[in-house]
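As a plain string of letters, each chain reads:
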Amino acid sequence: MLPVLRSRVLKAALLCATLLPGWLPAAQAGEEAPLARPQQIPADTPVADLIPELARLPELSASQSWPLRPGEPIRVVYPLAQRALEIDPYGWRYSESRQAWRMHAGQDLVAPEGTDILAMLPGRVVLVEPIDGYGLTVVLDHGRGWQSLYAHLSASTVAVGDFLPAASVLGQVGQSGRASGPHLHVELRRRDGERMLALDPTPLLDQATRLLPLAPPPLQQAQGLSATEP
């Protein structure tokens, strides 16, 4: 093809692409592009209250709910018996099915199937059952409205009503529910009036990671106590 003719054919093709909607990329042919990721990550996220009847039960005693006493910092045990291979953090995640950004209200800790899962804090087991999306789920109540949630388990070693010291094994990593591979989805929750909120667990889990060489860490060290304190 002669250079002049080739140039004319190219210009005609470009003109058709400009005039014919069918030649345009989808986002330019009338479809809306995905919204930009929200800039701010909230410190807490409203979530479904899986055991609303707990709001009407008596509080745990101070000894059972410790170390969640007013004015005392929270120290948690790392929730896996080994360091996670990968981490999908708390924050915004784009949902293709909903075509919208949604909050991922916990952390996903990728680990081999069967890895032991540890209680982050001492607490009473209040739920052990499959939950839509979460798969086999265990929830611990720590008193004063605090809960921790462990999801996508392959199996659980506890029953409702059990009281677990921190670092107790409560189940094993799996991929039950909507999970693309073996991992633990973990949340730290707090009741706020009629609402249940999932808090960003990142600072606490980052701190707990530094305790991992002790895994499972001695209870006193995991809770910030010296061996001589009661």
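Counting from 1, residues in each chain are numbered in the order their sequence is written. Side-chain atom pairs in this predicted model are given and counted only at pLDDT of 80 or more, local residue features only at pLDDT of at least 70, and totals for whole chains, interfaces and linings cover all residues. Hydrogen atoms and water are omitted, and side-chain values are computed over all heavy atoms in the structure.

(A) Spatial organisation of the overall build of the protein. Strands are runs of DSSP state E lasting at least two residues, helices are runs of H or I lasting at least four, and both sets are numbered from the N terminus onward. When you go through the protein residue by residue, the secondary structure sums to 4 helices and 13 strands. Accessibility here uses a 1.4 Å probe with only protein chains present; expressed as a share of the type maximum, an area under 20% marks a residue as buried, one over 50% as exposed, and anything in between as partly exposed. Looking at the 230 residues of the protein, the share that counts as buried comes to 41%. Here the accessible surface of atoms and residues is derived via Shrake-Rupley with a 1.4 Å probe, and residues count as covered only by protein chains that are part of the display. Taken as a whole, the protein presents about 12900 Å² of accessible surface, with 56% of it coming from carbon and sulfur.

(B) Focus on the nonpolar core. Here, nonpolar core means buried Ala, Val, Leu, Ile, Met, Phe, Trp, Tyr and Cys residues that are tied together by side-chain atoms lying within 4.5 Å of each other. In terms of nonpolar packing, the biggest core is built from 30 residues, with Leu80, Tyr150, Leu170 and Leu184 touching the most fellow members. Listing elements by their share of this core, those giving two or more residues are β8 (135–143), β9 (146–156), β11 (169–173), β12 (183–192), β13 (195–199) and α3 (202–209). Non-local contacts of Leu184, meaning those with residues more than four positions away in its chain, are made with Pro79, Leu80, Gln107, Asp108, Leu109, Ile117, Tyr150, Ala151, Leu153 and Val173. The next biggest cluster of nonpolar side chains, apart from the first, holds 9 residues, and it includes Ile51, Ile131, Leu149 and Ala151. Whether two residues are in contact is decided by their heavy atoms: any pair within 4.5 Å suffices.

(C) Fine view of the layout of surface pockets. What the largest pocket holds in volume is close to 970 Å³. The method works on a 1 Å grid over the protein atoms by themselves. A cavity is a set of points holding a 1.4 Å probe that cannot get out, a pocket is an open set with protein on both sides within 12 Å along at least five of seven lines, and residues with an atom within 4 Å of a point line them. As for the largest pocket, its lining consists of 33 residues, of which Arg93, Arg102, His104, Tyr134 and Arg178 are closest to the centre. Amino acids are sorted into nonpolar (Ala, Val, Leu, Ile, Met, Phe, Trp, Tyr, Cys and Pro), charged (Asp, Glu, Lys and Arg) and polar (every other residue, Gly among them). Within the lining of the largest pocket, the residues separate by chemical class into 13 nonpolar, 10 polar and 10 charged. Grid points are joined across faces, edges and corners, and a volume is the space filled by probe spheres set on the points.

(D) The side chain of His185, seen in detail. Within the fold, His185 resides in strand β12. Pairing of N or O atoms within 3.5 Å defines a polar contact, subject to two protein rules: one partner must be a possible hydrogen donor and the other a possible acceptor, and residues neighboring in sequence count only if both atoms are side-chain atoms. A distance of 3.4 Å separates a polar atom in the side chain of His185 from a polar atom in the side chain of His104. Polar contacts involving the side chain of His185 include one to the side chain of Glu187, which spans 2.7 Å. Residues within four places of His185 in sequence aside, it is in contact with His104, Gly106, Gln107, Asp108, Tyr134, Leu149, Tyr150, Ala151 and His152.

(E) Representation of the pairing of β8. The element β8 is extensively covered by neighbouring structure, given that 9 of its 9 residues are classed as buried. For two strands to count as paired, DSSP must find a minimum of two bridges between them. Across 7 bridges, strand β7 (residues 123–131) lies against β8 in antiparallel orientation. Looking at β8, one finds that Ile131 is bridged to Gly135. Here β7 folds back onto β8 in antiparallel fashion, the turn holding 3 residues, of which Gly133 has a positive phi close to 85 degrees. Connecting β8 to the antiparallel partner β9 that follows it, the hairpin turn spans 2 residues, and Arg144 within it adopts a positive phi of roughly 55 degrees.

(F) Region of the structure containing the pattern of salt bridges. Just to be clear on terms, a salt bridge is a Lys or Arg side-chain nitrogen sitting within 4 Å of an Asp or Glu carboxyl oxygen. Within this structure, the stated rule accounts for 7 salt bridges. Of the charged contacts in the structure, one is a salt bridge between Arg93 and Asp108, with a shortest N-O distance of 3.3 Å. Of this pair, Arg93 sits in strand β3 (residues 91–95) while Asp108 is found in strand β5 (residues 107–110), placing the two residues 15 residues apart along the sequence. The exposure class assigned to Asp108 is buried, which follows from its relative accessible area of 8%.

(G) Representation of the pairing of β7. As paired strands, β7 and strand β10 (residues 163–164) are joined by 2 bridges and run antiparallel to one another. Residue Gly123 lies in a different strand from β10, and its bridge partner there is Leu164.

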